[in-house]
Amino acid sequence: MKMKMKAVNFTYYLHDDFVPPNVTAVAVAGANATLTGPFQLGDIIVFDSVIRKTASNASAQIGHHSGVLVSLNDPSKKFISFALDITIHGYSGTMSGSARIDFTAPSWEEAVSSGTGSFRGVSGYLTVSAVSLNSAFPVLKYEANLMLPHHSY
């Protein structure tokens with residue numbers, strides 16, 4: 001059996017809600033931690049964000065993007081560790097990863113290092129950009145650039 005890698009690309013949108021009762025992110029640690037700043041080293045935000053097919057809040061929900069954001073010395077920089085649970089284009093499973101990101105940049109990349117289900121053996125990255133930075137309902141666009149094992153006999 002010979003294993004080849006197959007490129008898989010798709011786009012999805014992360015929708016957050018900072019307004020009760022459907023809050024998707026909370027500040028859990030930090031001297032004056034908030035969801036909107038100002039941020040200080042060590043502020044921690046936990047999130048369990050909804051992901052949808054499009055930027056519209058009315059589009060189909062296809063999973064969750066969950067994890068932890070930690071503020072670094074530079075207030076615009078964060079460390080993210082995440083698990084993504086998604087069903088899209090015939091693929092279903094989880095992916096995990098991490099990155100050092102800059103929320104003031106027009107886009108950034110997050111590494112994908114492992115997965116389960118259809119994403120077992122995955123590697124690659126997610127390119128992230130802001131669609132809307134509304135302080136109550138932000139939306140981020142994720143472009144997945146992945147390599148999956150493809151078995152041939």
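What you are looking at is a predicted structure, and each value in this text was computed from that prediction instead of being measured.

Some details on the overall build of the chain
Counting secondary structure elements, the chain contains zero helices and nine strands. Along the chain, from the amino end to the carboxyl end, the secondary structure elements read β-β-β-β-β-β-β-β-β. Projected onto the principal axes, the alpha-carbon positions of the chain cover approximately 60 × 35 × 25 Å. Within the chain, the proportion of its 153 residues that are buried is 38%. Long-range contacts, defined as pairs at least 24 residues apart, comprise 47% of the intrachain contacts of the chain with a sequence gap of at least 6. A total accessible area of about 8,100 Å² is found for the chain, and carbon and sulfur atoms account for 56% of it. A gap of 13 Å separates the mean positions of the 10 positive and 10 negative side-chain charges of the chain.

Focus on the nonpolar core
By size, the foremost hydrophobic cluster in this structure holds 31 residues, and its most contacted members are F10, Y12, I86, M95, F119 and L146. Elements represented by at least two residues in this core include exactly β1 (2-15), β3 (44-52), β4 (61-71), β5 (77-88), β6 (91-102), β7 (107-115), β8 (123-132) and β9 (139-152). Sequence-distant contacts of F119, that is, excluding residues within four places in its chain, are made with F10, I86, Y91, S92, G93, T94, M95, L146 and L148.

Regarding the environment of M5
As for its position among the elements, M5 is in strand β1. When the C-alpha atoms of M5 and M147 are compared, they prove to be 5.9 Å apart, with 142 residues separating the residues in sequence. Leave out the neighbours within four places in its chain, and M5 touches G121, S123, M147, L148, P149 and H150.

Observations concerning the pattern of salt bridges
Scanning all chains against the criterion turns up two salt bridges. Between K77 and D74 there is a salt bridge, with the nearest N and O atoms lying 3.2 Å from each other. Residue D102 is joined to K77 by a salt bridge in which the shortest nitrogen-to-oxygen separation is 3.4 Å. Residue D102 is found in strand β6, and its partner K77 is found in strand β5; the two are separated by 25 residues along the sequence. Each of D74, K77 and D102 takes part in one network of salt bridges that share partners.

Section: the packing of aromatic side chains
Enumeration over the complete set of coordinates arrives at five aromatic pairs. For the ring pair Y12 and Y142, a centre distance of 5.0 Å and an interplane angle of 10° mean the geometry is stacked. With Y12 in strand β1 and Y142 in strand β9, this residue pair connects regions lying 130 residues apart in the sequence. The class of Y12 is buried, set by a relative accessible area of 0%. Using a relative accessible area of 2% as the deciding quantity, one classes Y142 as buried. Over the face of the ring belonging to F39 we find K78, whose NZ or CZ atom lies 3.9 Å from the ring centre.

Overview of a nonpolar patch on the surface
Judged by side-chain polarity, V23, V26, V28, V46 and V68 come together as a nonpolar surface patch covering roughly 330 Å² of accessible area. The partly exposed category is assigned to V23, whose relative accessible area is 35%.

Quick notes on the rules
Residues numbered from 1 in each chain as written. Predicted model: local features only at pLDDT ≥ 70, side-chain atom pairs only at ≥ 80, totals over all residues. Heavy atoms only, no water. Helix = DSSP H or I, 4+ residues; strand = E, 2+ residues; numbered from the N terminus. Buried < 20%, exposed > 50% of the residue type's maximum accessible area, 1.4 Å probe, protein only. Contact = heavy atoms within 4.5 Å. Areas by Shrake-Rupley, 256 points an atom, 1.4 Å probe, with all protein chains shown as cover. Lys, Arg positive; Asp, Glu negative; His and termini not counted. Charge placed at Lys NZ, Arg CZ, Asp CG, Glu CD. Core = buried A, V, L, I, M, F, W, Y, C linked by side-chain atoms within 4.5 Å. Salt bridge = Lys/Arg side-chain N within 4 Å of Asp/Glu carboxyl O. Phe/Tyr/Trp six-rings, centres within 6.5 Å; stacked < 30°, edge-to-face > 60°. Lys NZ or Arg CZ within 6 Å of the ring centre and 35° of its normal. Patch = residues over 30% accessible without salt bridge, like charges linked within 9 Å, V, L, I, M, F, W, Y side chains within 5 Å.

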